[in-house]
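Each chain, written out:
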Amino acid sequence: MKQEKWLSLLGLANRARKLVTGEDLVIKEIQKQRVYLVLIAKDASNNTLKTIMNKCNYYNIPVRQVSDRYTLGNSIGKEARVVIGIKDKGFSEKIKQLRSE
């Protein structure tokens with residue numbers, strides 16, 4: 001149930017245009033420090049996982065792993081997404097709170 005709440009919140013953030021998806025775009029936003037939270041699928045490739053984790057650690061941006069790419073994609077109305085960056089502080093704080101409960 002709690003998982004459904006944060007997934008629906010992610011869909012709302014997408015409709016509000018507060019998300020960025022795709023490895024290259026997320027990395028650019030991380031470097032510009034315009035994202036407050038990064039969500040990455042556990043089934044991402046090792047190279048993608050390492051790159052995103054290193055960038056987030058360097059720029060001090062929290063990163064959370066999600067079960068799989070289809071869960072991330074479905075939550076925003078797409079087929080599959082490996083990595084999502086949240087560009088709004090309010091959405092990111094609420095998603096972190098719901099994921100930790």
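Everything numeric here is computed off the predicted structure, so don't read it as measured data.

1. Here's the deal with the nonpolar core
- Ranked by internal contacts, the top residues of the largest apolar core, which has 17 residues, are W6, L10, L19, L39, L72, I86 and I95.
- Elements represented by at least two residues in this core include exactly α1 (2-15), β2 (37-41), β4 (83-86) and α5 (89-100).
- Ranked by residues supplied to this core, first place goes to α1 with five residues.
- Within the second largest apolar cluster, 14 residues are counted, among which are V20, I27, I30 and V63.

2. Points about the environment of G77
- Following the sequence through the fold, G77 ends up in the loop between α4 (69-75) and β4.
- Sequence-wise, G77 and L12 are 65 residues apart; in three dimensions their C-alpha atoms are separated by 10 Å.

3. Examining the pattern of salt bridges
- Under the defined criterion, the tally for this structure stands at three salt bridges.
- We note a salt bridge from E29 to R34, for which the minimum N-O separation is 3.4 Å.
- In this structure E29 comes out as buried when scored by relative accessible area, which is 14%.
- By relative accessible area, which is 42% here, R34 ends up partly exposed.

4. So, the packing of helix α2 (residues 23-31) against helix α3 (residues 46-59)
- At a minimum axis separation of 10 Å, α2 and α3 run at an interaxial angle of 15 degrees. Judged on the interaxial angle alone, α3 and α2 are roughly parallel. Crossing geometry of α2 relative to α3 is assigned as left-handed. Contacts between α2 and α3 involve E23, V26, I27, I30 and Q31 from the first element and T48, T51, I52, K55, C56 and Y59 from the second.

5. Points about unusual backbone geometry
- Despite not being glycine, Q33 has its phi angle at roughly 55 degrees, a positive value.
- As for its placement among the helices and strands, Q33 is situated in the loop between α2 and β2.
- Its identity as a non-glycine residue notwithstanding, N60 has a phi of 60 degrees, on the positive side.
- For N60, the position within the fold is in the loop between α3 and β3 (63-66).
- Note on N60: relative accessible area 72%, which makes it exposed.

6. Notes on the packing of aromatic side chains
- Tallied over the full model, the rule gives one aromatic pair.
- Taking the centre distance of 4.9 Å and the plane angle of 85 degrees together, the rings of Y58 and Y59 count as edge-to-face.
- Classification of Y59 by relative accessible area gives partly exposed; the value is 22%.
- One Lys or Arg, R99, reaches over the ring of W6 and ends 4.9 Å from the middle of that ring.

About the cut-offs
Residues numbered from 1 in each chain as written. Predicted model: local features only at pLDDT ≥ 70, side-chain atom pairs only at ≥ 80, totals over all residues. Heavy atoms only, no water. Core = buried A, V, L, I, M, F, W, Y, C linked by side-chain atoms within 4.5 Å. Buried < 20%, exposed > 50% of the residue type's maximum accessible area, 1.4 Å probe, protein only. Helix = DSSP H or I, 4+ residues; strand = E, 2+ residues; numbered from the N terminus. Salt bridge = Lys/Arg side-chain N within 4 Å of Asp/Glu carboxyl O. Axes fitted to C-alpha atoms, helices over the stretch in contact; angles between N-to-C directions. Parallel < 35°, antiparallel > 145°, perpendicular 65-115°, else oblique. Left-handed = near helix turned anticlockwise from the far one by under 90°. Contact = heavy atoms within 4.5 Å. Phe/Tyr/Trp six-rings, centres within 6.5 Å; stacked < 30°, edge-to-face > 60°. Lys NZ or Arg CZ within 6 Å of the ring centre and 35° of its normal.

Coordinates in, geometry out; function isn't part of it.
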